[in-house]
Amino acid sequence: MSDRHRPHWATQPAPRARSGAVGRRSPRTGTEPVRAQSALRMRLLLSAVFLPVFVAGAVFFGFWAAGTGSGESPGRGMLVVVAVVCAALALLAAADLLVVVRRLRAERGSADPHPREHPGTR
């Protein structure tokens with residue numbers, strides 16, 4: 001396609017505020033933070049509470065599905081689906097827990113909570 005047929009906005013790079021699929025819709029007013037932060041302590045609490053709940057649910061529904069005979073209600077297939085969903089949510093909670101712990105450590109400024117002394121630094 002030649003430049004003659006291309007609209008003027010297609011040849012110029014998009015400004016940083018409008019770049020990407022989710023660009024800014026309005027200019028900054030100065031009251032919002034430059035970098036949004038999530039409530040890390042709340043995410044930590046929720047992940048720590050629901051990780052064991054979802055693991056227990058996956059184990060419970062897995063054992064229930066294993067002991068279910070043909071023709072019983074709920075069926076084995078449905079129980080397996082619920083167990084898999086619980087396991088997926090447990091993995092998601094564990095991943096979020098790791099991310100939150102890493103971010104909290106980075107905020108404190110120490111990536112390693114127990115720094116080791118190097119030999120010969122005394």
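For clarity, every value in this text was computed on a predicted model and none was experimentally measured.

What counts and how
Numbering of residues starts from 1 in each chain and follows the order in which that chain's sequence is written. Reporting of local features is limited, given that this is a predicted model, to residues whose pLDDT is at least 70; pairs of side-chain atoms are given and counted only at 80 or more, and all residues count toward the totals for whole chains, interfaces and linings. Only hydrogens and water are set aside; all other atoms, that is, all heavy atoms of the structure, feed into the side-chain values. Numbered from the N terminus, helices here are DSSP runs of H or I no shorter than four residues, and strands are runs of E no shorter than two. Between buried and exposed lies partly exposed: a residue is buried under 20% and exposed over 50% of the maximum accessible area for its type, with that area taken using a 1.4 Å probe on protein chains only. Two residues form a contact once any of their heavy atoms are found within 4.5 Å. Areas reported as accessible are Shrake-Rupley estimates using a 1.4 Å probe. Residue values count occlusion only from the protein chains shown. To obtain each axis, a line is fitted to C-alpha atoms, and for helices this fit is confined to the stretch in contact; angles are then taken between N-to-C directions over 0 to 180 degrees. Roughly parallel means an angle under 35 degrees; roughly antiparallel means over 145; roughly perpendicular covers 65 to 115; every other angle is labelled oblique. Two helices cross in a left-handed way if the nearer one is turned anticlockwise from the farther one by less than a right angle. They cross in a right-handed way if the turn is clockwise. Three residue categories are used. Nonpolar comprises Ala, Val, Leu, Ile, Met, Phe, Trp, Tyr, Cys and Pro, charged comprises Asp, Glu, Lys and Arg, and polar comprises the others, including Gly.

Student: Sorry, what's going on with the overall build of the chain here?
Tutor: Secondary structure summary: the chain contains three helices and zero strands in total. In the chain, the succession of helices and strands from N to C terminus is α-α-α. Here the chain holds 122 residues, and 11% of them are scored as buried. Put simply, of all contacts in the chain between residues at least 6 apart along the chain, 60% involve residues at least 24 apart. In the form shown here, the chain has an accessible surface area of approximately 10,300 Å², with 63% of it arising from carbon and sulfur atoms.

Student: Is there a simple way to think about the packing of helix α2 (residues 40-67) against helix α3 (residues 76-108) in this case?
Tutor: To characterise two packed helices, one gives the angle between the axes of the helices and the distance between these axes. Across the interface, α2 lies against α3 with an axial gap of 7 Å and an inter-helix angle of 155°. What the angle tells us is that α2 and α3 run roughly antiparallel. Judged by the twist between their axes, the crossing of α2 over α3 is left-handed. Residues belonging to the contact of α2 with α3 are distributed by class as follows: 26 nonpolar, three polar and six charged.

Student: Would you mind going over the side chain of S47 with me for this structure?
Tutor: Tracing the chain through its elements places S47 in helix α2. The class for S47 is buried, based on a relative accessible area of 5%. With residues near it in sequence (within four places) discarded, S47 still touches A93, D96 and L97.

Keep in mind that these numbers describe shape and distance, not what the molecule does.
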